[in-house]
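Working through the structure, step by step
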Amino acid sequence: MCVKKLNNEINKKDTPDFLKKKIEKSIELTGDAFFLKVFGTSEASSRVYYEHFYEEVFHKGCVDIKLKELVRLRLAGISGCRYCISIDETSALNNGVTEEDIFYAKTGDIEKFPDKERKLLELAEHISLAPAAERANENLISELLDDFTQEEFIEISFVIAILTGMGNMLGSLDLVETD
């Protein structure tokens, strides 16, 4: 349950233009923009997250956007973030992910995916769920490096790390409702 009383929202007049559009879109898609209004109280953080991470890495990087969308859906399914799931489903559909694949990624039924996607989702699960001292399976990493260039592997690992951390922060600080 999201208490929403522990955080202050940004004043509408202080909201940077780039964030106003995101808030409007969030309300349109989910009926809620609480997280964005709180996150916006740190313009530098919200700008880095949306303008640098999302615009430069997530949407433009060297890894196919559909793979990033699957990873993002899997991580949203793990965190149980209702807000994330609703936003991510819309984005995934807009980027060519099927409704069936959205369902399987969210629910963790990764065996339904082709080998490359399954291994990538397995890595996302490991990074998001295992303690840092528990190293990822060497065979999994080796197989992923057969499927991805080093640059792509680092990019997708970075995407997993950023989204895992954001999901943990959103839930832990009571900025979103979780299941």
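Not measured: the values here are computed from a predicted model.

What counts and how
Residues numbered from 1 in each chain as written. Predicted model: local features only at pLDDT ≥ 70, side-chain atom pairs only at ≥ 80, totals over all residues. Heavy atoms only, no water. Salt bridge = Lys/Arg side-chain N within 4 Å of Asp/Glu carboxyl O. Buried < 20%, exposed > 50% of the residue type's maximum accessible area, 1.4 Å probe, protein only. Helix = DSSP H or I, 4+ residues; strand = E, 2+ residues; numbered from the N terminus. Axes fitted to C-alpha atoms, helices over the stretch in contact; angles between N-to-C directions. Parallel < 35°, antiparallel > 145°, perpendicular 65-115°, else oblique. Contact = heavy atoms within 4.5 Å. Nonpolar A, V, L, I, M, F, W, Y, C, P; charged D, E, K, R; others polar.

The subject of this paragraph is the pattern of salt bridges. A full pass over the atoms with the stated rule returns 15 salt bridges. In this structure, the salt-bridge partner of Lys 13 is Asp 14, at a minimum N-O distance of 3.4 Å. What makes Lys 13 exposed here is its relative accessible area of 70%. The residue Asp 115 makes a salt bridge to Arg 118 at a minimum N-O spacing of 2.4 Å. Separated by three residues within a single helix, Asp 115 and Arg 118 lie in helix H7 (residues 115-129), roughly one turn from each other.

With their axes 10 Å apart at the nearest point, helix H1 (residues 17-30) and helix H5 (residues 82-94) run at an angle of 95° to one another. The orientation of H1 with respect to H5, classified from their angle, is roughly perpendicular. Together, Ser 26, Leu 29 and Thr 30 of H1 and Tyr 83, Ser 86, Ile 87 and Thr 90 of H5 make up the contact between the two elements. Across the contact of H1 with H5, the residue classes break down as three nonpolar, four polar and no charged.

Coordinates in, geometry out; function isn't part of it.
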